[in-house]
Amino acid sequence: MPCGSREPSRAVLRGALPAAALGLRVLVLSAALGAGAVRTQPPPFPFWDPSLPWHRRLDDLLGRLSPAELVLQVARGGAMENGPAPPIPRLGIAPYNWNTECLRGDGEAPGWATAFPQALGLAAAFSPELIYRVANATATEETYGEDPFLSGELARSFVQGLQGQHPRYVKASAGCKHFSVHGGPENIPVSRLSFDAKVRERDWRMTFLPQFQACVRAGSYSFMCSYNRINGVPACANKKLLTDILRGEWGFDGYVVSDEGAVELIMLGHHYTHSFLETAIASVNAGCNLELSYGMRNNVFMHIPQALAMGNITLQMLRDRVRPLFYTRMRLGEFDPPDMNPYSSLDLSVVQSPEHRNLSLEAAVKSFVLLKNVRGTLPLRARDLSGQHLAVVGPFADNPRVLFGDYAPVPEPQYIYTPRRGLEMLGANVSFTAGCSEPRCRRYSRAELVRVVEAADVVLVCLGTGVDVETEAKDRSDLSLPGHQLELLQDAVQAAAGRPVILLLFNAGPLDVSWAQAHDSVGAILACFFPAQATGLAIARVLLGEAGASPAGRLPATWPAGMHQVPPMENYTMEGRTYRYYGQEAPLYPFGYGLSYTTFRYRDLVLSPPVLPICANLSVSVVLENTGLRDSEEVVQLYLRWEQSSVPVPRWQLVAFRRVAVLAGQEAKLSFQVLAEQRAVWVQDWRLEPGTFTLFAGGQQPGQKTRAPSEVLSARFSVTGMARPLRGC
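Residues numbered from 1 in each chain as written. Predicted model: local features only at pLDDT ≥ 70, side-chain atom pairs only at ≥ 80, totals over all residues. Heavy atoms only, no water.

Participant: Can you help me understand the sheet that holds strand 10 (residues 429–433) in this one?
Facilitator: The strands that make up a sheet are held in pairs by hydrogen bonds between backbone atoms, and each pair lies either parallel or antiparallel. Read from one edge to the other, the open sheet built from six strands follows the order 8-13-12-11-9-10, with strand pairing classed as mixed. Two strands in the sheet have a free side with no partner beyond their single neighbour: strand 8 (369–373) and strand 10. Looking at each pair of strands side by side, their axes are set apart by 20° on average, direction ignored. (Pairing = 2+ DSSP bridges. Helix = DSSP H or I, 4+ residues; strand = E, 2+ residues; numbered from the N terminus. Axes fitted to C-alpha atoms, helices over the stretch in contact; angles between N-to-C directions.)

This is the structure in structure tokens:
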């Protein structure tokens, strides 16, 4: 769910960048674990027979349900009074809870659970392989950043990792949200519960929808329709969205669940309908399968019986809405003998296991983005730390509560490492003061901070936001460090008197740290996002540059240079938003940016063929050389630029990326494919056009003011033939 803020009519996203205030908080995945009834002998009904094909079992089951039973299955999608979906004892069917959050670990676990980094941090790793492993372990704020291709690739990996690779069973049901054109204002200047996102068809198709189509292609079992309206029609009553596009164009055959309360808000927030009965008719006929209510018993979908009696919803339509719900439960193994399903053997022994804790640490390390590093401030040398004094200061230095962000599981306290606790393991003398007791930093103790910093050899300043500042239903009104945090940083720099100062940032949406970027007295800046339980351990490893811990994260969202670069949150045109349509003035930090402890060189970019037919794919190869002294990973990024197009297009678009490890002094030849569909533009339909294109390859975007030292290569290719619809290829 989105969160933003404004200075008159501007807002800042909680989990994405403000200049991308455009609903790209689109890919977060929730999971519902299957929990079948404990039974010794299944009832003698065909739908319990695992030898029958799925469609016959579903036909049998649905044919046995009364209209009242069907209604309860679609009306009980929530928790508290609105859930679970009730049992059907005469058929041996158990209750089922659809409402489970699994963004980065089980956020609703009844006990301890491993907490992985926040989704934006995971996205900063630019690693589909890591996302797959995290999802596989979780069994992951709520966005993978501003780019539709990056979000789509990471979502694909998350869906597949969460659901598993078994040919018959899924380990968990993955859901993609919030569908669609979501991520606008949370409560400034209007409420997300009544917001109308007015979007051009081309922007909708080229920016807001591609990552969701990637979810369908990955096999996601569900989608969540969002709170907002889209061009006047609430998402959960939007037939164009839920039926024409999702099911008709993309072939989705899973279920659509509402965001919590979104169906009620069709009437109560948007005033699109005048009664719950009218709302039920609109939502069910549009394509919504399951109502996740605020906890109401007499919620909207409980009015379906009246709609059936009036003929506004047919009994067949109701069965069609229930069908994918029970199909999902069947694929989770609920109606098969447990010994047939390998996932039935999973138990609580895997929770907080060493494997999961180690993966949480690895994910945190890979998520960090080095934004600044002057005069070799980092890495620190372990042998120099013995006997030195480290000052760890700021409201994020030793407060476990602020390191997780939204929707995080609660890990066992012994496994939570704050920056202070992690740095105390380095063998140095560590001193600490928060300066402010909480992230809003409304009261600041300067004297104590100066005392601690003056006695230190190295100073680490831990600043950021946290859920007290940016969270669901809470917008930020600007990009500034909260409260007295900037003053705290400036006082620390002054008290350090030339000794190294390292700024560690803990935030989801971007921050204005232009003062720190401009002043060399701040030697290094490390964006940590919300790393969760392994925060301190990961920071210690990265600060020392240990094996496998040379920073290689890249920003998944642009950080604007100031609020003047943030377009109005409620304006959904793409102009000035994201790196794809950014204005002429450079941002503070661009999408895809991040530094390393080593240096890289790119050479030998080859495009094959340089002239290709309209429907052909492009093969790309490039050589990456580690020219520095440290083994490290690099995120190779390929961008496509249209040189001629009949319609407005992005200035360039990410079309491929890969995180690759290269030993010091070694090189790697990398191969990529750029698909024909990645050149397509929306002209009332997806269309391929002939012309000249430029392909960029490097460790960052081309032409950036704030940049890594490596070069960006470019080469042109041409496409021949007549323009044609993509579906004709």
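Participant: Would you mind showing me how to read the pattern of salt bridges here?
Facilitator: A side chain of one charge can pair with a side chain of the opposite charge when the charged atoms of the two come close. Inspection of the entire model under this criterion finds 39 salt bridges. Between D60 and R64 there is a salt bridge; the shortest N-O distance is 2.9 Å. One end of the pair, D60, and the other, R64, are both in helix 1 (residues 54–64), four residues apart, so they sit about a helical turn from each other. Judged by its relative accessible area of 16%, D60 falls in the buried class. For R64, a relative accessible area of 31% translates into the label partly exposed. Look at the salt bridges and you will find they share partners, linking R133, E362, K366, E633 and R659 into a network. (Salt bridge = Lys/Arg side-chain N within 4 Å of Asp/Glu carboxyl O. Buried < 20%, exposed > 50% of the residue type's maximum accessible area, 1.4 Å probe, protein only.)

Participant: Looking at this structure, I do not really get the confidence of the model for the protein chain. What am I missing?
Facilitator: Interpretation of the predicted coordinates at a detailed level should be avoided for regions scoring low in pLDDT. Of all residues in the protein chain, 93% attain a pLDDT of 70 or more, and the chain-wide mean is 91. Confidence drops under a pLDDT of 50 for residues 1–38, and excluding neighbours within four residues, the segment shows 224 contacts in the predicted structure. (pLDDT = per-residue confidence, 0-100. Contact = heavy atoms within 4.5 Å.)

Participant: Looking at this structure, how should I read the environment of I525?
Facilitator: Mapped onto the elements of the fold, I525 is located in strand 13 (residues 524–527). I525 sits 13 residues away from D512 along the chain, and the two C-alpha atoms are 12 Å apart. With residues near it in sequence (within four places) discarded, I525 still touches V369, L370, L371, K372, L503, L505, A516, Q517 and Y589.

Participant: Please clarify how unusual backbone geometry should be interpreted in this entry.
Facilitator: Most peptide bonds adopt trans geometry, and most residues besides glycine take a negative phi value. In this structure, S180 follows F179 across a cis peptide bond, with omega equal to 15°. Considering the arrangement of structural elements, one finds S180 in the loop between strand 2 (173–179) and strand 3 (196–197). Geometrically, the link from S608 to P609 is a cis peptide bond, its omega value of -10° lying close to zero. Locating P609 in the fold gives a position in the loop between strand 14 (600–608) and strand 15 (611–613). For N231, which is not glycine, the phi torsion reads 50° and is therefore positive. Here N231 is to be found in the loop between strand 5 (229–230) and strand 6 (233–234). Owing to a relative accessible area of 39%, N231 belongs among the partly exposed residues under this scheme.

Participant: Could you clarify how one ought to interpret the environment of S222 in this entry?
Facilitator: Structurally, S222 is set in strand 4 (residues 222–225). Taking the relative accessible area as the measure of exposure, S222 reaches 4% and is therefore buried. Through-space distance from the C-alpha of S222 to that of E355 is 29 Å; in sequence the pair is 133 residues apart. If sequence neighbours within four positions are ignored, S222 has contacts with A174, G175, C176, F252 and Y255.

Participant: Just checking my understanding: could you explain the packing of aromatic side chains for this structure?
Facilitator: A full pass over the atoms with the stated rule returns 27 aromatic pairs. Between W559 and Y589, the aromatic rings sit 5.7 Å apart at their centres with planes inclined by 70°, giving edge-to-face as the arrangement. Here Y589 lies in the loop between helix 19 (535–544) and strand 14 and W559 lies in the loop between helix 19 and strand 14, a separation of 30 residues in the sequence. Comparing W559 with Y589, the two get one shared label, buried. (Phe/Tyr/Trp six-rings, centres within 6.5 Å; stacked < 30°, edge-to-face > 60°.)

Participant: Before we go on, may I ask you to explain the environment of A538 in this structure?
Facilitator: By secondary structure assignment, the location of A538 is in helix 19. Exposure remark for A538: the relative accessible area of 0% places this residue in the buried category. C-alpha of A538 to C-alpha of F368: the two residues are 170 residues apart in sequence and 8.8 Å apart in space. Apart from residues lying up to four places away in sequence, A538 is in contact with L361, A364, V365 and F368.

Participant: When you look at the pairing of strand 23 (residues 713–720) in this model, what are you seeing that I'm missing?
Facilitator: Within a regular beta strand, the side chains point alternately toward one face of the sheet and then the other, so they alternate between its two faces. Sheet topology note: the strand 15/strand 23 ladder contains three bridges and is parallel. Its bridge partner being in strand 23, P613 is matched across the sheet by T720. The pairing of strand 22 (residues 691–698) with strand 23 spans seven bridges and is antiparallel. Bridge pairing in strand 23 places F696 opposite S714.

Participant: Can you help me understand helix 8 (residues 239–249) in this one?
Facilitator: Since there are 3.6 residues in each turn of an α-helix, residues three or four apart along the chain are aligned in direction. All buried positions along helix 8 are accounted for by L241, L242, I245, L246 and R247. All buried residues of helix 8 lie within an arc of 165° about the axis, which places them on one face of the element. Structurally, the start of helix 8 carries an N-cap: the backbone nitrogen of K240 is 3.3 Å from a side-chain oxygen of N238. Within two residues after helix 8, G251 carries a phi angle of roughly 75°, on the positive side. (Arc of directions from axis to C-beta. Polar contact = N/O pair within 3.5 Å; in protein donor to acceptor, adjacent residues only side chain to side chain.)

Participant: Can you walk me through the nonpolar core in this structure?
Facilitator: Among soluble globular proteins, nonpolar side chains are generally buried collectively. Counting residues in each nonpolar core, the largest one holds 107 residues, and the members touching the most others are F179, W204, F223, F301, I304 and F326. In terms of residues, this core owes the most to one element, helix 5 (residues 148–163), which gives six residues. Apart from the residues within four sequence positions on either side, F223 is in contact with C176, F179, F212, C215, V216, L246, F252, Y255, V256 and V257. Judged by nonpolar contacts, the second largest core, of 83 residues, contains L449, V461, L503 and V542. (Core = buried A, V, L, I, M, F, W, Y, C linked by side-chain atoms within 4.5 Å.)

Participant: Would you explain the state of the cysteines in this entry?
Facilitator: A covalent bond between the sulfur atoms of two cysteines is what we call a disulfide. For the coordinates displayed, the defined rule picks out four disulfides. Shown here is the disulfide that connects C436 with C441, its sulfur atoms set 1.8 Å apart. Considered together, C436 and C441 belong to a single accessibility category, that of buried residues. For C615, the disulfide goes to C729, at an S-S distance of 1.9 Å. Since a negative S-S torsion denotes a left-handed disulfide, the C615-C729 link at about -65° is left-handed. (Disulfide = S-S within 2.5 Å.)

Participant: Any chance you could explain the sheet that holds strand 21 (residues 686–688) here in plain terms?
Facilitator: Here three strands make up an open sheet; going across it, the order is 20-21-24 and the pairing antiparallel. Where the open sheet ends on each side, the last strands, each with one partner, are strand 20 (681–682) and strand 24 (724–725). Here two bridges tie strand 20 to strand 21, and the two strands are oriented antiparallel to one another. Paired with V681 across the two strands is R687, which belongs to strand 21.

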